[in-house]
Amino acid sequence: MNIHITKVAKSRIEELNTDDLQFGKQYSDHMLICDFEDGEWKQPVIVPYGDITMSPATTFIHYGQSLFEGIKAYKRKDGEINIFRPRDNWERFNMSARRMAMAEVPEELFMEGMRQLIELDSNWVPDVEGSSLYIRPFMFGTDAFIGVKPADNFRFMIITSPAGAYYNKPTRIYVQNKYVRAFPGGIGFTKAAGNYGACMLPTLETRKLGYDQILWTDGFTHKNVQEIGTMNVFFVFGNTVVTPDLSEGTILAGVTRDSVIKLLQEKGIAVEERAISIDEIEENYKNGQLKEAFGAGTAAVIAPISELFYNGDTMLLPPMDTWEISNYIKKELADIRYGNIEDTHKWMYKVC
Ligand SMILES: *Cc1c(COP(=O)(O)O)cnc(C)c1O
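Described below are features of the structure shown in this document. (Residues numbered from 1 in each chain as written. Predicted model: local features only at pLDDT ≥ 70, side-chain atom pairs only at ≥ 80, totals over all residues. Heavy atoms only, no water.)

## Things to note about the site of the ligand
In the region of the ligand, 14 residues are neighbours, and Lys191, Tyr196, Glu227, Thr256 and Thr298 sit closest. One of the side-chain N or O atoms of Tyr196 is found 2.3 Å from an oxygen atom in the ligand. Separating an oxygen atom of the ligand from a backbone N or O atom of Val255 is a distance of 2.8 Å. Out of a free accessible area of 380 Å², the ligand has 96% covered by protein chains. Elements with a contribution of two residues or more to the shell around the ligand: β13 (231–237) and α5 (255–266). Its residues placed into classes, the shell around the ligand shows four nonpolar, six polar and four charged. (Near = heavy atom within 4 Å. Polar contact = N/O pair within 3.5 Å; in protein donor to acceptor, adjacent residues only side chain to side chain. Areas by Shrake-Rupley, 256 points an atom, 1.4 Å probe, with all protein chains shown as cover. Helix = DSSP H or I, 4+ residues; strand = E, 2+ residues; numbered from the N terminus. Nonpolar A, V, L, I, M, F, W, Y, C, P; charged D, E, K, R; others polar.)

In structure tokens form, the structure reads like this:
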């Protein structure tokens with residue numbers, strides 16, 4: 001694929017404070033842009049990172065045809081850079097695009113565009129174990145038209161941002177029984193911008209109450225759990241790991257979620273994907289069988305839950321240092337990503 005590359009006159013890498021990599025604060029030197037116009041993808045370009053301009057009538061600003069992905073690249077001790085399962089993100093990106101009536105991005109544009117961008121900015125991938133380069137592909141409708149209709153023109157972009165080792169502070173979770181994130185027939189299974197916009201107010205209110213994240217429940221009964229914040233959720237009941245199934249279309253099919261399930265099954269640990277009600281969680285808690293609970297996603301990888309608040313009751317999880325299953329998963333994923341063990345699943349996609 002022919003990508004036209006315009007390099008920066010001078011890299012900003014010296015301004016990068018590697019001791020304090022705060023998420024999303026600093027962006028690498030370059031970005032990728034590709035426009036979909038007249039029914040086809042034009043030539044992709046890689047240009048210096050910077051502002052973009054657009055008409056105030058640009059359709060996505062008004063009607064929300066906008067979606068994104070979140071992926072990470074890792075640098076090994078020997079300097080090799082690999083991206084974790086990016087093809088799965090490409091498939092999910094296009095699944096989101098279909099639901100939002102947007103153009104699908106060709107595999108080569110997504111994969112090779114990303115690879116070349118990261119190869120060019122390879123010195124922006126931090127090499128401390130636990131750190132990574134966060135990759136943000138996104139797409140939005142660009143028609144300069146405020147009539148309500150699906151856009152005909154789109155822009156696909158990729159920007160990247162160095163991310164430090166994520167400290168997995170135990171999270172206090174508020175089980176939501178008023179607001180709803182997703183319902184059957186909606187867009188809960190997509191990574192559409194609107195899903196995030198709708199969650200801002202409930203999250204703000206939850207923070208004011210002193211909790212870190214929301215555990216979303218279904219909109220009909222507020223009993224069946226869906227996700228925590230922007231992560232998939234797992235519970236360990238006795239020796240069995242349970243996570244909500246994806247059949248209703250209300251849950252985003254996380255790449256981390258899928259990796260956790262596969263690694264656990266290979267280890268011989270029972271994993272059940274099924275409906276989980278808050279009543280079942282409380283019952284297990286009362287019987288001393290609620291052993292571990294955690295969120296799983298690209299940003300935090302594994303986010304342990306220290307407490308769950310539901311309808312006036314607090315469930316306290318056992319101390320985290322006793323958590324065998326989540327600690328095993330965390331280490332296994334890190335070892336695969338930094339090349340400490342063999343990548344038997346072919347999950348790592350080589351950049352350079
Ligand atoms: C991105 C996201 C996840 C996690 O998906 P990963 O592929 O594991 O990063 C989970 N839930 C929601 C709502 C998300 O947007």
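From this point, things continue past the structure.
## What about the environment of Ile5?
Take Ile5: it is sitting in strand β1 (residues 4–5). Remark: the alpha-carbon pair of Ile5 and Leu120, spanning 115 residues in sequence, is separated by 9.4 Å. Setting aside anything within four residues of it in sequence, one finds Ile5 in contact with Ile46, Gln116 and Leu120. (Contact = heavy atoms within 4.5 Å.)

## Quick word on the packing of aromatic side chains
Within the structure shown, the criterion is met by 18 aromatic pairs. Among the aromatic side chains, those forming a connected cluster through ring pairs are Phe36, Trp41, Phe93, Phe110, Phe154 and Phe156. Taking the ring centre of Phe84 as reference, the NZ or CZ of Arg337 above it sits at 4.1 Å. (Phe/Tyr/Trp six-rings, centres within 6.5 Å; stacked < 30°, edge-to-face > 60°. Lys NZ or Arg CZ within 6 Å of the ring centre and 35° of its normal.)

## As for the pattern of salt bridges
Within this structure, the stated rule accounts for 28 salt bridges. Here Arg115 and Glu119 are joined by a salt bridge, their closest N and O atoms 3.1 Å apart. Taken together, the residues Arg115 and Glu119, both in helix α3 (residues 107–120) and four residues apart, mark about one turn of the helix. On the basis of relative accessible area, Arg115 is assigned to the buried category, the value being 17%. Sharing partners across several salt bridges, the network here consists of Arg76, Asp78, Glu80 and Lys350. (Salt bridge = Lys/Arg side-chain N within 4 Å of Asp/Glu carboxyl O. Buried < 20%, exposed > 50% of the residue type's maximum accessible area, 1.4 Å probe, protein only.)

## Let's talk about the packing of α5 against helix α7 (residues 324–337)
Closest axis-to-axis distance for the α5/α7 pair is 10 Å, and the angle between their directions is 105 degrees. As summarised for this structure, α5 and α7 are arranged roughly perpendicular, according to the angle between their axes. Here Thr256, Ser259, Val260, Leu263 and Leu264 of α5 come into contact with α7, specifically with Ile325, Tyr328, Ile329, Glu332, Leu333 and Ile336. Of the residues belonging to the contact of α5 with α7, the class tally is eight nonpolar, two polar and one charged. (Axes fitted to C-alpha atoms, helices over the stretch in contact; angles between N-to-C directions. Parallel < 35°, antiparallel > 145°, perpendicular 65-115°, else oblique.)

## With respect to the side chain of Asn232
With respect to the element layout, Asn232 can be found in strand β13. Of the polar contacts made by the side chain of Asn232, one reaches the backbone oxygen of Leu252; its length is 2.9 Å. In contact with Asn232, not counting residues within four places along its chain, are Glu227, Ile251, Leu252, Ala253, Gly254, Arg257, Phe294, Gly295 and Ala296.

## What to know about α7
Between its terminal C-alpha atoms α7 stretches 20 Å, which fits the 20 Å expected from 14 residues at 1.5 Å a residue. Taken as a whole, α7 has its buried residues at Ile325, Ser326, Ile329, Glu332, Leu333, Asp335, Ile336 and Arg337. Residue Gly339 follows α7 closely and has a positive phi angle near 70 degrees. (Expected span 1.5 Å × (residues − 1).)

## Considering α5
Relative to the 16 Å expected for twelve residues at 1.5 Å per residue, α5 spans 17 Å between its end C-alpha atoms, a close match to the ideal helical length. Among all positions of α5, only Val255, Thr256, Arg257, Ser259, Val260, Ile261, Leu263 and Leu264 are buried. Immediately downstream of α5, the backbone of Gly268 shows phi near 85 degrees, a positive value.

## Let's talk about a nonpolar patch on the surface
A surface patch of nonpolar side chains, about 240 Å² in accessible area, is lined by Ile52, Met54 and Ile61. Residue position: Met54 is located in the loop between β4 (45–48) and α1 (59–63). When its relative accessible area of 36% is taken as the criterion, Met54 is described as partly exposed. (Patch = residues over 30% accessible without salt bridge, like charges linked within 9 Å, V, L, I, M, F, W, Y side chains within 5 Å.)

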